Amino acid sequence: MKRIACVVGVAALAAMAQPEKKPELKAPPVVAPGASAAAAPADAKVLIDGKSLDGWKKRDGSPAAWKLDEKSGTATAGGGDIVSKHTFGDAQIHVEFMTPVEKGDGQDRGNSGVYIHGHYEVQVLDSYKSETYPDGQCGAIYGQHVPLVNACRPQGEWQTYDIVFRAPKFDAAGKKTANAVITVIHNGVLIQDHAEAVSPTGSAIDQKETATGPLMLQEHGHPVVYRNVWVRGI
Ligand code: MG
């Protein structure tokens, strides 16, 4: 008798654990992931693979001039900022960068930047055992948000940014109703958690915030190297 009660009890529990089917819910789309967490998923737009800079231009629209290396899949900063022809709204962005082995202090050491929409700079800098103003160090939303921690690797080592970006929102009249929101994981460490960009940061492509825009990579006089840069709309 005891055993029957137990069996009935287990069956009742199993029935309770079954979630109710909700016909209003649709299964999410399938996205084939890359071979590793860093590799571009099937629905990503690859922007730097070392083969071509056809997807990029200078600020003035002329051809991008960074140095490509097909063998290592890299592009090295030089000859001005580069702006992607691809534009996006909300996005997941993956960037790999390496600051050069060089002397220098503060802002004059491995300086570059990832400008989301050409407007909001996630600073790239060699901040490994190198000091500068906190809202200008590596991983800062330049001039607006100090990174939560310093997760830098030394110069000459590859580093990653994985960014979740929510574009600013506008009403029908074009007035901004919500700021851009940026989350950044640097080398696997959370350094910006839903940071609100209140305006474009210094040296932005222009001051007019938009619902969609390009990616801009900064050339700041230092041969910072990039590889495996991709964006997927979300
Ligand atoms: Mg910079």
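Computed from a prediction, not measured in an experiment: that's the story for all the values here.

(A) Spotlight on the overall build of the chain. Tallying secondary structure elements over the chain gives one helix and 15 strands in all. Its C-alpha atoms give the chain principal-axis dimensions of roughly 85 × 45 × 35 Å. When the 234 residues of the chain are sorted by exposure, 35% land in the buried category. For the chain, contacts bridging at least 24 residues in sequence account for 63% of all contacts bridging at least 6.

(B) Seen up close, the environment of Ala44. Looking at where Ala44 falls in the secondary structure, it is placed in the loop between helix H1 (2-17) and strand S1 (45-48). Classification of Ala44 as partly exposed rests on a count of 19 C-beta atoms within 10 Å. For the pair Ala44 and Pro168, spaced 124 residues apart in sequence, the C-alpha separation works out to 21 Å. Aside from chain neighbours lying at most four places away, what touches Ala44 is Trp230, Val231 and Arg232.

(C) The arrangement of the pairing of strand S15 (residues 225-233) in detail. The sheet contact formed by S1 and S15 spans three bridges and is antiparallel. Within S15, the position partnered with Lys45 by the bridge is Val231. Relative to S15, strand S4 (residues 74-76) is paired through three bridges, and the arrangement is antiparallel. When the bridges of S15 are listed, Ala75 appears paired with Tyr226. Bridge analysis of strand S6 (residues 91-98) against S15 gives seven bridges, and the strand direction is antiparallel. Opposite Met98, over in S15, you have Val225 as the bridge partner.

(D) Inspection of the environment of Asp60 at higher detail. Note on placement: Asp60 falls in the loop between strand S2 (56-57) and strand S3 (67-69). When the C-alpha atoms of Asp60 and Asp105 are compared, they prove to be 30 Å apart, with 45 residues separating the residues in sequence.

(E) Fine view of the nonpolar core. If you look at the biggest cluster of nonpolar residues, it comprises 47 residues, and the most contacted ones within it are Ile116, Ile182 and Tyr226. Residues in contact with Tyr226, not counting those within four places in the same chain, are Ile48, Thr74, Ala75, Val95, Glu96, Phe97 and Leu217.

(F) Structural view of the environment of Glu70. Along the chain, Glu70 turns up in the loop between S3 and S4. Distance from Glu70 to Gly110, taken between C-alpha atoms, is 22 Å for residues 40 residues apart in sequence. Setting aside residues no more than four positions away along its own chain, Glu70 makes contact with Gly50 and Lys51.

(G) Inspection of unusual backbone geometry at higher detail. Positioned with a positive phi, Lys129 is a non-glycine residue whose angle comes to about 55 degrees. Position of Lys129 relative to the elements: it lies in the loop between strand S8 (120-124) and strand S9 (159-166). Residue Lys129 is classed as exposed on the basis of its 9 C-beta neighbours within 10 Å. Even without a glycine there, the phi angle at Ser203 is positive, about 60 degrees. Checked against the element boundaries, Ser203 lands in the loop between strand S13 (189-197) and strand S14 (215-217). Judged by the 13 C-beta atoms lying within 10 Å of it, Ser203 is partly exposed.

(H) Broad picture of the sheet that holds S14. Taken in spatial order, the five strands make up an open sheet running S2-S5-S14-S7-S8, and their pairing is antiparallel. Lying at the two open borders of the sheet, with one neighbouring strand each, are S2 and S8. Relative to strand S5 (residues 82-84), S2 runs antiparallel, the two being bridged by two bridges. Opposite Trp56, over in S5, you have Ser84 as the bridge partner.

Rules and cut-offs
Residues numbered from 1 in each chain as written. Predicted model: local features only at pLDDT ≥ 70, side-chain atom pairs only at ≥ 80, totals over all residues. Helix = DSSP H or I, 4+ residues; strand = E, 2+ residues; numbered from the N terminus. Buried ≥ 20, exposed ≤ 12 C-beta atoms within 10 Å, placed from the backbone. Contact = placed C-beta atoms within 7 Å. Pairing = 2+ DSSP bridges. Core = buried A, V, L, I, M, F, W, Y, C linked by C-beta atoms within 7 Å.

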